[in-house]
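Summary of structural features
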Amino acid sequence: MDCKQIRPLIHGYLDEDIDSEKNQILQAHLQTCAECREIMHEIQKAIAFVQSASHIHAPSDFTAKVMAKLPAPTKAN
Ligand SMILES: [Zn+2]
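Notes on the structure follow. (Residues numbered from 1 in each chain as written. Predicted model: local features only at pLDDT ≥ 70, side-chain atom pairs only at ≥ 80, totals over all residues. Heavy atoms only, no water.)

Side note on unusual backbone geometry
For the record, the criterion: By definition, any uninterrupted DSSP run of H or I lasting at least four residues is a helix, any uninterrupted run of E lasting at least two residues is a strand, and each is numbered from the N terminus. For every residue, the accessible area obtained with a 1.4 Å probe (protein chains only) is divided by the maximum for its type, and the residue is called buried under 20%, exposed over 50%, and partly exposed between those limits.
Its identity as a non-glycine residue notwithstanding, E16 has a phi of 55 degrees, on the positive side. Within the element layout of this structure, E16 appears in the loop between α1 (3-14) and α2 (20-32). On the basis of relative accessibility, which here comes to 74%, the residue E16 falls in the exposed class.

Put into C-alpha cells, the structure is as follows:
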C-alpha cells in the first residue's frame, strides 16, 4: 500500500470516520512504515494542542467563576 493512499486513512482514523477494513489496512501499514507512524503522531499532537488550547481559552466553568466574583445584582436594598 502506497503512503499517499494511507494518508487519508490516517485522517479518517483520527476523525473516527473509518471502516474496520480500512482500519486494518492502516494498522498493517503503520506497523511497517515509520514515516506514517510519525505523521499520525504529529497530527495527534496537533489535535491535543488545539483541544488543550481551546480549553485554556474557554474553560467550562469560566463564566460561573466570573459571576461568583461579581456582586449579586438582585440583592440591592
Ligand atoms: Zn507509509
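Brief notes about the coordination of the zinc ion
Formally: Donors, by definition, are the N, O and S atoms found within 2.8 Å of a metal, the threshold being 3.2 Å for Na, K and Ca, and water is not counted, so a site can look incomplete.
Bound to the zinc ion are the protein donor atoms C3 (SG), H29 (NE2), C33 (SG) and C36 (SG), situated 2.0 to 2.3 Å from the metal. On the basis of relative accessibility, which here comes to 9%, the residue H29 falls in the buried class. A relative accessible area of 11% places C33 in the buried class.

Observations regarding the nonpolar core
Applicable threshold: Among the buried residues, those of types Ala, Val, Leu, Ile, Met, Phe, Trp, Tyr and Cys that are joined through side-chain atoms within 4.5 Å form a nonpolar core. Here a residue-residue contact requires only that any non-hydrogen atoms of the pair lie within 4.5 Å.
In terms of nonpolar packing, the biggest core is built from nine residues, these being I6, L9, I10, L26, L30, C33, C36, M40 and I43. Elements with a contribution of two residues or more to this core: α1, α2 and α3 (34-57). The residues contacting I43, other than those within four sequence positions of it, are I10, H11 and L14.

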